[in-house]
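Each chain, written out:
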Amino acid sequence: MFAVIKTGGKQYRVAANDLLKIEKVEANVGDIVEIGHVLAHGEGENVTFGAPFVDGAVVTAEVVEQGKNRTVIAFKKRRRQNSRRKIGHRQLLTTVRISEILLGGAKPAKKAAAKAEAKAEVAADAASKEAKAKKDAPKEEAKAETAAAPLFKAPKGEPDDLTVIKGIGPVAAKDLNEQGIITFAQLAKLTEKDVAKIDENMPFSADQIKDWREQAKELAKK
């Protein structure tokens, strides 16, 4: 027998002894919790649907572990506005083992599933994820290094004070320096392709960059 339940705004198809991660449920490890929002239940092709929930149907589950999901990063950037926002979220999760699917108002047996077996499965799942993370670590590091690489290669020698150029303040100068632009000569020699690259990856418009380029040409002659 299976059932379709709703919890935490999500729907799950479950059967007895299934191990499931759902949004946090306020309970201790080993407790039996009831999930009364049963949308459907059935066995084979014989399925009963609720409207929206099946009357008298309850799914009970044993709490195996309280934990957290991986951190999700939301990053938003507004082009040409020098505006960036980074927010992290880590969802609280509860791992449960489905105990019984009860119909017609039947009462749960209040008998917890074998904790040792459930914990072993959770540990095995965690070990598998850890091994996968270690395997993928070099790839992720390579991606991070590629993403962190500056747009241009900075020349050797002393950098110029880019704030001399009208429109470039200390923050903009710092951003340009981090991307490898440190001299008037570099700015003066920017091609249209270089301008488009800066426009795409930095909070400066193409018109701003072209204006700075013209000023840098005069300064580079001195």
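Anything mentioned here points back to the structure above.
Our subject in this report is the structure included herewith. (Residues numbered from 1 in each chain as written. Predicted model: local features only at pLDDT ≥ 70, side-chain atom pairs only at ≥ 80, totals over all residues. Heavy atoms only, no water.)

Along helix α2 (residues 170–178), the residues classified as buried are Ala172, Ala173, Asp175 and Leu176. Down the axis of α2, the buried side of the element spans an arc of 160 degrees, and every buried residue falls inside it. Residues Pro170 and Val171 are exposed on α2 and point more than 90 degrees away from its buried face. The elements touched by buried residues of α2 are α5 (206–221). Just downstream of α2, glycine 180 is the residue with a positive phi angle, here 95 degrees. (Buried < 20%, exposed > 50% of the residue type's maximum accessible area, 1.4 Å probe, protein only. Helix = DSSP H or I, 4+ residues; strand = E, 2+ residues; numbered from the N terminus. Arc of directions from axis to C-beta. Contact = heavy atoms within 4.5 Å.)

Two elements in contact, helix α4 (residues 192–201) and α5, have axes separated by 9 Å at closest approach and are oriented at 130 degrees. As summarised for this structure, α4 and α5 are arranged oblique, according to the angle between their axes. Where α4 crosses over α5, the two elements pack in a sense that is right-handed. Of the residues in α5, those in contact with Glu192, Val195, Ile198 and Asp199 of α4 are Ala206, Ile209, Lys210 and Arg213. Taken together, the residues that form the contact of α4 with α5 break down as four nonpolar, no polar and four charged. (Axes fitted to C-alpha atoms, helices over the stretch in contact; angles between N-to-C directions. Parallel < 35°, antiparallel > 145°, perpendicular 65-115°, else oblique. Left-handed = near helix turned anticlockwise from the far one by under 90°. Nonpolar A, V, L, I, M, F, W, Y, C, P; charged D, E, K, R; others polar.)

On inspection of all chains with the given rule, the structure shows one aromatic pair. Ring geometry for phenylalanine 204 versus tryptophan 212: centroids 5.2 Å apart, planes at 70 degrees, classification edge-to-face. You can call tryptophan 212 buried: its relative accessible area is 3%. Residue placement shows arginine 13 over the ring face of phenylalanine 2; its charged tip is 4.0 Å from the ring centre. Lying over the aromatic face of phenylalanine 152, lysine 197 brings its terminal NZ or CZ to 4.9 Å of the ring centre. (Phe/Tyr/Trp six-rings, centres within 6.5 Å; stacked < 30°, edge-to-face > 60°. Lys NZ or Arg CZ within 6 Å of the ring centre and 35° of its normal.)

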